[in-house]
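Each chain is listed here by its residues.
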Amino acid sequence: MEKIKKKIIVCSTCAAEYDISLVRCPYCGTAYAPAEENEYMGQLEDIREELEEHKEDGNKSLRSGLGSVVRIIILVAVVIALLLFGTMWLSGMREKSEAERQKEEFLINQGVKTQQERMTDDM
Ligand SMILES: [Zn+2]
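Residues numbered from 1 in each chain as written. Predicted model: local features only at pLDDT ≥ 70, side-chain atom pairs only at ≥ 80, totals over all residues. Heavy atoms only, no water.

What follows is about the coordination of the zinc ion. Note on the zinc ion: its protein donors are Cys11 (SG), Cys14 (SG), Cys25 (SG) and Cys28 (SG). The metal-donor distances range over 2.2 to 2.3 Å. Given 4 donor atoms and angles of 101 to 117 degrees at the metal, the environment of the zinc ion is assigned as tetrahedral. When the donors of the zinc ion are listed by position in the chain, the intervening gaps give C-x2-C-x10-C-x2-C. With a gap of 14 residues between them, Cys14 in the loop between strand 1 (8-10) and strand 2 (17-19) and Cys28 in the loop between strand 2 and helix 1 (33-109) connect regions that are remote in the sequence. (Donors = N, O, S within 2.8 Å, 3.2 Å for Na, K, Ca; no water. Tetrahedral: all angles 85-135°; square planar, octahedral: opposite > 155°, others 65-115°. Helix = DSSP H or I, 4+ residues; strand = E, 2+ residues; numbered from the N terminus.)

This paragraph deals with a nonpolar patch on the surface. Taken together, Tyr40, Met41, Leu44, Ile47 and Leu51 make up a surface patch of nonpolar side chains, about 520 Å² in accessible area. Structurally, Tyr40 is set in helix 1. (Patch = residues over 30% accessible without salt bridge, like charges linked within 9 Å, V, L, I, M, F, W, Y side chains within 5 Å. Areas by Shrake-Rupley, 256 points an atom, 1.4 Å probe, with all protein chains shown as cover. Salt bridge = Lys/Arg side-chain N within 4 Å of Asp/Glu carboxyl O.)

Attention now moves to the pattern of salt bridges. A full pass over the atoms with the stated rule returns 3 salt bridges. One salt bridge connects Glu98 with Arg101, and the closest N-O pair in it is separated by 3.3 Å. Of this pair, Glu98 and Arg101 are both found in helix 1, 3 residues apart, which corresponds to roughly one turn of the helix. Residue class for Glu98 comes out partly exposed when judged on its relative accessible area of 35%. The shortest N-O distance in the salt bridge between Glu105 and Arg101 comes to 2.7 Å. A residue pair is termed a helical-turn pair when its members lie 3 or 4 positions apart in one helix, as Glu105 and Arg101 do in helix 1 at 4 residues. The network of salt bridges with shared partners includes Glu98, Arg101 and Glu105. (Buried < 20%, exposed > 50% of the residue type's maximum accessible area, 1.4 Å probe, protein only.)

Below, the structure is given as structure tokens:
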């Protein structure tokens with residue numbers, strides 16, 4: 001009577017009786033189809049869960065990848081802006097010094113000594 005609780009099945013190949021939890025016949029190795037299916041489905045479920053986890057990981061890494069790409073784009077934009085600003089500033093300086101040079105030349109042509117020349121004369 002106690003053994004009834006344990007599900008005993010009869011092997012379809014060798015007719016041996018064995019516990020259903022064994023899945024396969026311990027005597028001839030024949031798989032008990034429904035049990036095997038259960039095991040197979042369990043494995044499938046495990047694989048599916050694992051895949052789901054991997055998918056989530058992939059999404060996460062994709063998101064962080066996008067984040068780093070955006071960061072790189074922002075960095076490049078900042079560098080370009082700085083370069084443009086620097087170039088404009090430098091060309092502005094060049095224009096200014098060009099104007100000063102022209103002014104100096106004009107003063108020299110007019111026979112007027114620049115302040116620097118006057119200072120060296122005093123020494
Ligand atoms: Zn068997």
